[in-house]
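In case you want the letters, here they are:
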Amino acid sequence: MSAITEHGHEPGVPRTANAIAAALAPGRKGVFLEELLAAQAGDDQLAVMERWHLRATADSTRTDADRIEVAALRAGSRSGVRDLDHALAALAHNR
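Residues numbered from 1 in each chain as written. Predicted model: local features only at pLDDT ≥ 70, side-chain atom pairs only at ≥ 80, totals over all residues. Heavy atoms only, no water.

### Structural notes on the pattern of salt bridges
A full pass over the atoms with the stated rule returns 3 salt bridges. With its nearest N and O atoms 2.8 Å apart, the salt bridge here joins Arg15 to Glu50. With Arg15 in the segment before helix H1 (17–23) and Glu50 in helix H3 (residues 43–61), this pair connects stretches of sequence that are 35 residues apart. Classification of Arg15 as partly exposed rests on a relative accessible area of 49%. A residue is classified by how much of its surface remains accessible, and Glu50, at 26% relative accessible area, is partly exposed. Measuring nitrogen to oxygen at the nearest pair gives 2.8 Å for the salt bridge that ties Arg28 to Asp59. With a gap of 31 residues between them, Arg28 in helix H2 (residues 26–38) and Asp59 in helix H3 connect regions that are remote in the sequence. Residue class for Arg28 comes out buried when judged on its relative accessible area of 17%. (Salt bridge = Lys/Arg side-chain N within 4 Å of Asp/Glu carboxyl O. Helix = DSSP H or I, 4+ residues; strand = E, 2+ residues; numbered from the N terminus. Buried < 20%, exposed > 50% of the residue type's maximum accessible area, 1.4 Å probe, protein only.)

### Structural notes on the nonpolar core
The biggest cluster of nonpolar side chains holds 13 residues, and the ones touching the most others in it are Val13, Ile20, Leu24, Phe32, Val48, Trp52 and Ala56. Of all the secondary structure elements, the ones that give two or more residues to this core are H1, H2 and H3. For Ile20, the residues in contact, after removing those within four places along its chain, are Val13, Pro14, Arg15, Phe32, Met49, Trp52, His53 and Ala56. (Core = buried A, V, L, I, M, F, W, Y, C linked by side-chain atoms within 4.5 Å. Contact = heavy atoms within 4.5 Å.)

### Focus: the environment of Gln45
Among the secondary structure elements, Gln45 is positioned in helix H3. Separated by 10 residues in sequence, Gln45 and Glu35 have C-alpha atoms that sit 8.4 Å apart. Other than its neighbours up to four places away in sequence, Gln45 contacts Leu36, Ala39 and Gln40.

### A few points about the environment of Leu88
In this fold, Leu88 is placed in helix H5 (residues 84–93). Separated by 36 residues in sequence, Leu88 and Trp52 place their C-alpha atoms 9.2 Å apart. Dropping the residues within four chain positions of it, Leu88 is found in contact with Leu54 and Arg55.

This is how it looks when you write it as structure tokens:
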């Protein structure tokens, strides 16, 4: 069961194009918007938004304390840890 706020929404980044774009790190926002605009309306656009929603959630919840850990995950420099981009791509592919 997911947590619901008093306003009836799930906490976190809403699954809308504007919210996802706003939550993404600046370097990723353009790529997301390009993919979204290139996708055909309907299921293709929803798939793009679903794929980027997880990245936006990660970007929006990162704190300064997380930056060293995130850098290690992204680079795959920790023993036995896949880099973050590959892990997110695998998650998106398995949906």
